[in-house]
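What the coordinates show
Letter by letter, the chains look like this.
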Amino acid sequence: MSADVARTNQQQAKLISALRQLLPAEAVLTDAEDLRPFECDGLSVYRRLPMVVVLPETVTQVQSIMHLCFNAGVPVVARGAGTGLSGGALPLEDGVLLSLAKFKQILDIDPDNAMATLQPGVRNLAISEAAAVHNLYYAPDPSSQIACTIGGNVAENSGGVHCLKYGLTVHNILQLKIVTVDGELLTIGGATLDSPGYDLLALMTGSEGMLGIIVEVTVKLLAKPERAQVVLAAFDDVAKAGEAVGAIIAAGIIPAGLEMMDKLAIQAAEDFAHAGYPRDAAAILLCELDGSNAEVSEQIMTVRDVLKYSGATEVRTAKDEAERQLFWKGRKSAFPAVGRISPDYYCMDGTIPRRQLAKVLSYMSKLSDEYGLAVANVFHAGDGNLHPLILFDANKPGELQRTEAFGRKILEFCVDVGGTITGEHGVGMEKIDQMCVQFQAAELSQFHAIKAAFDPEGLLNPGKAVPTLHRCAEFGAMHVHNGQLAHPELERF
Amino acid sequence: MSNTSISEQLQTQVQQASETGRQLNIIGGGSKSFLGRQCHGEALDVSKHCGIIEYDPRELVITARAGTPLQEIEQTLAASGQMLPFEPPHFGATATLGGTIAAGLSGPRRPYAGSARDFVLGCKLLNGKGEVTQFGGQVMKNVAGYDVSRLMTGAYGTLGVILELSLKVLPRPAATLTLLHECSETDAILFMSGLLSKALPVDATCYYKGQCYVRLSGSEKSIIEAQKKLAGEKLSQQSHFWQRLREHELSFFDSSKSLWRISVKPATPSLPIDGDWLLDWGGAQRWLQSNTDVSTIRNIVQQYDGHASLFRNGDRNSNVFQPLPLPMQRLQQRIKASFDPGSLFNRGRMYAEI
């Protein structure tokens, strides 16, 4: 054992024993077996065991942990339910994994002001369940809403199927309490509709655990719409389905949800959920309308006309609530359904301007042939957020690497057509190199400067979300895009 | 409608200012120069940097240069049956898009549709080093990198010069109707906050001179349906009530007393401060004309978890915005320095220290 390793081990032992002073014995985990459940988030291709897992249950404990780690210069990765899809909660070997799983309390539901105050470990769906007696609900509904927690939703700025009309997490929260890297408790935003100073609420939302530890969230609640209805339309061509999406919006309608699935996704979902989808269609659209009774009735008529005019081969309105639920069940089970037809799948998350849909789909089908990997497409069509699922078999040598290369090309193409590498899953570990494609050195430097304003030593979730310029230079050296070297202004190492 | 880019001139001026350490005072149409604290510096005129760059109604996104007149934006959107959903106040015919976002003001629809910052999707920004940077984009969902473009909203130009903005837009409602009924302030607060948990197409509520106003918007039929469930008589469309409220043209605003903007939770009871009150945003934004001293106002408002800013008529060298707790103030100073290390832009416009 070298002297360095010995010193490191000694320092780690010292930190662990200090953590044991702060927390009960069962809240500090160090055995490999106990650490295993924390080795990855929802993106299980990245795995790593942390040095130690801590499970505090009070804000004061979180403050003490942060204070201790700050003084010891030890990095900290915060974790909610671990349902994230970009490796954002991937632990560090020499770091502390801070789980917020014990913060499960709904602190207050305030129907008079239509807001709820929650600990970060409250599950997304539990908020709406608790607010239902007041005829209120929490709008963002990521597909993992049964399991994912509000703290993680804020860290990732989670979306869902209702974003076009109701916005993302950033549009539906009012106040955060965060513990800073050095253990201070800070209130960001307020119970009011705005707060003095810079809008740090927007900055914190989607910051992937890089700026602070979220220990309390106040969300906005909305009145449950009087009625929701869904229309299903089938198309013999995906481009026509894409056109229909634009036509619905051009008709002045903002659907509560507007989802598209392609043939492979339709067939997988139908075999799995028996939702009554037309198996032979090239694409289907699910268009949900909500609001007052009268408004929904009028909009259904308009949407049906628009869909037919756009060349739909079939247009069906769910005949009752049970059929509406069934239509959605098919869509919401698309991921596990695809999981049944392929040993593994890799879910991508780019956003594009909707008008580019046909171009992007045809590029993907070309790549699919090139890489010899099938792709099923599930698409939040209303807001341009694509979820291509690349089908692969991790047991076949080289197939994961081929899948990742395919995925990277899709994301880079999203940037080329004016979109982004991530709509709602976050950058995390997964898309860190693609950040070099989307941003230039000055912007990346700005992100680092913002990070430093909160966390000067770089101890909060280091290595995620924003690549170093050095990393981009190396990535650029490997990656010559359209004949242009990325970041030509940088030195090559 | 002019369409010109002067970003290179602006960049040069910022670079020169950066080299010599000269302070800059960013100016658009000048319509909101009365807001915030008084600040000094060489004028950096953005008004010539104007024109709509891209607008495709089907994408629900408009991209325009910061100096584009707000009127031009709104007329262009209206021609395609769309609008800026946050109903921004203009406070003058010269209002620009950049100033609207920098001031971060929203109109009566705000509690029901969202604020100015909610509709910002992306921006091009000239930072304090004279670099042109770009954040966010033209798509609705985008979580790559920190949300810098929304941070610019309400930052009063202290973090950089906004060059371009992309905003989400929405269709205009097919119809609107305003109902009003007489009631006490206490009843109005209960009534307006009660509407928050009712599925009605309400998109503005206010209490003024003993009357509670409720605006409904949506399809013709849905409004007729909603009208049956609510008390009140119809207000004539000709009164332009909401526009006059938004632009501070109601007689309430004719006063030489200080005008305070008070932000509280909507169900907050009537605040015990002497003066004239107008409650907008369903009770969440309250306007107060009063000669009561600053510290009394802020002490009371803080007891109700709110904050107070001086909007018109008062000492513009004092704390116009509610002072921040020290750790927050320091964090905001560090954020300012991360964008504008030489503290060139609009120094002191929000707070003396940023």
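Just so we're clear, the structure is a prediction, and the values are computed from it rather than from any experiment.

For the rest of this paragraph, the subject is the overall build of chain B. On a plain count of helices and strands, chain B comes out with 10 helices and 17 strands. Taking 354 residues into account, the globule formula puts the C-alpha radius of gyration at 20 Å, and chain B, at 21 Å, falls close to it. When the 354 residues of chain B are sorted by exposure, 53% land in the buried category. Sequence separation of at least 24 residues holds for 69% of the intrachain contacts in chain B that already meet a minimum separation of 6.

A few words on the overall build of chain A. Looking only at helices and strands, one finds 17 helices and 20 strands in chain A. On C-alpha atoms alone, chain A measures out to a radius of gyration of 23 Å, which is about the 23 Å that the 2.2 N^0.38 rule sets for 493 residues. Along the three orthogonal principal directions, the C-alpha set of chain A runs to about 75 × 60 × 45 Å. By the burial criterion, 55% of the 493 residues in chain A qualify as buried.

Before going further, it helps to examine helix H2 (residues 70-79) of chain B. All names here are of chain B. Among the residues of H2, those classed as buried are Leu70, Ile73 and Leu77. In a view along the axis of H2, the buried residues occupy a sector of 65°, so they form one face of it. Turned more than 90 degrees from where H2 packs its buried face, Gln75, Ala78 and Ala79 sit exposed. Of the residues flanking the end of H2, it is Gly81, one or two places downstream, whose phi is positive at about 70°.

It is worth spelling out the packing of helix H9 (residues 263-273) of chain A against helix H11 (residues 321-332) of chain A at this point. Two numbers describe a pair of packed helices, the interaxial angle and the distance between the axes. All names here are of chain A. Their axes nearest at 8 Å, the elements H9 and H11 cross at an angle of 120°. In terms of axis orientation, H9 runs oblique to H11. Remark: the crossing between H9 and H11 carries right-handed chirality. Along its contact with H9, which presents Ala269, Glu270 and Ala273, the element H11 presents Lys329, Gly330 and Arg331. In terms of residue class, the contact of H9 with H11 is made up of two nonpolar, one polar and three charged.

Our focus in this paragraph is the sheet that holds strand E17 (residues 375-380) of chain A. Residue and element names in this part refer to chain A. Sheet architecture is open: seven strands sit in the order E15-E12-E14-E13-E17-E18-E16, paired in antiparallel fashion. Edge positions in the sheet fall to strand E15 (314-317) and strand E16 (344-347), since each has one partner strand and no second. Here the average twist between neighbouring strands, direction ignored, is 15°. Pairing between E16 and strand E18 (residues 385-392): four bridges, direction antiparallel. Of the residues in E18, the one forming a bridge with Asp344 is Phe392. Running over the sheet, H9 touches strand E13 (257-262), strand E14 (283-291) and E17 and is turned about 95° from E13.

Once that is clear, we can look at the nonpolar core. In terms of nonpolar packing, the biggest core is built from 229 residues, with Val219, Ile284 and Leu285 of chain A together with Val161 of chain B touching the most fellow members. Dropping the residues within four chain positions of it, Leu285 of chain A is found in contact with Ala233, Ala241, Ala244, Val245, Leu258, Met260 and Ala381 of chain A. Of all hydrophobic cores here, the second largest spans 21 residues; its members include Ile189, Tyr213, Leu216 and Trp242 of chain B.

Residue and element names in this part refer to chain A. Contact geometry for helix H13 (residues 357-371) and helix H14 (residues 399-416): axes closest at 11 Å, N-to-C directions at 160°. Compared by their axis directions, H13 and H14 come out roughly antiparallel. Crossing angle aside, the handedness with which H13 passes H14 is right-handed. Residues Val360, Tyr363, Met364, Leu367 and Tyr371 of H13 form the contact with H14, whose own contacting residues are Arg402, Phe406, Lys409, Ile410 and Phe413.

Residues and elements named next belong to chain A. Across the two faces of strand E3 (residues 76-79) the burial is the same, with Val76 and Ala78 and Val77 and Arg79 all buried. Strand direction decides the pairing type here: E3 and strand E4 (residues 96-99), joined by four bridges, are parallel. Across the sheet, the residue bridging to Arg79 is Ser99, located in E4.

Okay, the interface of chain B and chain A next. One frequent convention defines the size of an interface as the accessible area lost when the parts assemble. At the interface, 68 residues of chain B touch 77 residues of chain A. Contributions of two or more residues to the side of chain B that touches chain A are made by helix H4 (110-113), strand E7 (132-136), helix H5 (148-151), strand E9 (170-171), helix H7 (220-229) and helix H10 (326-339) of chain B. Per-element accounting of the side of chain B that touches chain A gives the leading share, seven residues, to H10 of chain B. Of the residues assigned to the side of chain B that touches chain A, the class counts are 29 nonpolar, 23 polar and 16 charged.

Note: predicted coordinates in regions of low pLDDT should not be interpreted at a detailed level. Overall, the prediction assigns chain B a mean pLDDT of 97, with 100% of residues at 70 or greater. Reported confidence for the predicted complex is 0.97 by ipTM and 0.96 by pTM.

All names here are of chain A. What the five strands build is an open sheet, ordered E5-E6-E10-E8-E9; its pairing is antiparallel. Two strands bound the open sheet, and with one partner strand each, they are strand E5 (106-110) and strand E9 (185-189). On average, each strand axis in the sheet is tilted by 15° relative to the strand beside it, whichever way the strands run. Bridge analysis of strand E8 (residues 173-179) against strand E10 (residues 213-220) gives six bridges, and the strand direction is antiparallel. Bridge pairing in E10 places Gln175 opposite Thr218.

With that settled, consider the environment of Pro69 of chain B. All names here are of chain B. Its place among the elements puts Pro69 in the loop between strand E4 (61-65) and H2. Residue classification places Pro69 among the buried residues on the basis of 22 C-beta atoms within 10 Å. On a C-alpha basis, the gap between Pro69 and Gly51 in space is 8.3 Å, while along the polypeptide they are 18 residues apart. When neighbours within four sequence positions are excluded, Pro69 is seen to be in contact with Gly29, Ala95 and Thr96.

The next point concerns the environment of Pro266 of chain B. Looking at where Pro266 of chain B falls in the secondary structure, it is placed in the loop between strand E14 (258-263) and strand E15 (276-280). Residues Pro266 of chain B and Met192 of chain B, spaced 74 residues apart in sequence, show a C-alpha to C-alpha distance of 8.0 Å. Here Pro266 of chain B is in contact with Asn113 of chain A together with Met192, Ser193, Leu196, Gly282, Gly283 and Ala284 of chain B, once residues within four sequence places are set aside.

Turning to unusual backbone geometry, a few remarks are in order. Phi at Tyr156 of chain B takes a positive value of approximately 50°, unusual for a residue other than glycine. In this structure, Tyr156 of chain B sits in the loop between H5 and strand E8 (161-168).

Reading guide: rules and limits
Residues numbered from 1 in each chain as written. Chains lettered and ligands numbered in written order. Predicted model: local features only at pLDDT ≥ 70, side-chain atom pairs only at ≥ 80, totals over all residues. Helix = DSSP H or I, 4+ residues; strand = E, 2+ residues; numbered from the N terminus. Rg over C-alpha atoms; globule rule 2.2 N^0.38 Å. Buried ≥ 20, exposed ≤ 12 C-beta atoms within 10 Å, placed from the backbone. Contact = placed C-beta atoms within 7 Å. Arc of directions from axis to C-beta. Axes fitted to C-alpha atoms, helices over the stretch in contact; angles between N-to-C directions. Parallel < 35°, antiparallel > 145°, perpendicular 65-115°, else oblique. Left-handed = near helix turned anticlockwise from the far one by under 90°. Nonpolar A, V, L, I, M, F, W, Y, C, P; charged D, E, K, R; others polar. Pairing = 2+ DSSP bridges. Core = buried A, V, L, I, M, F, W, Y, C linked by C-beta atoms within 7 Å. pLDDT = per-residue confidence, 0-100.

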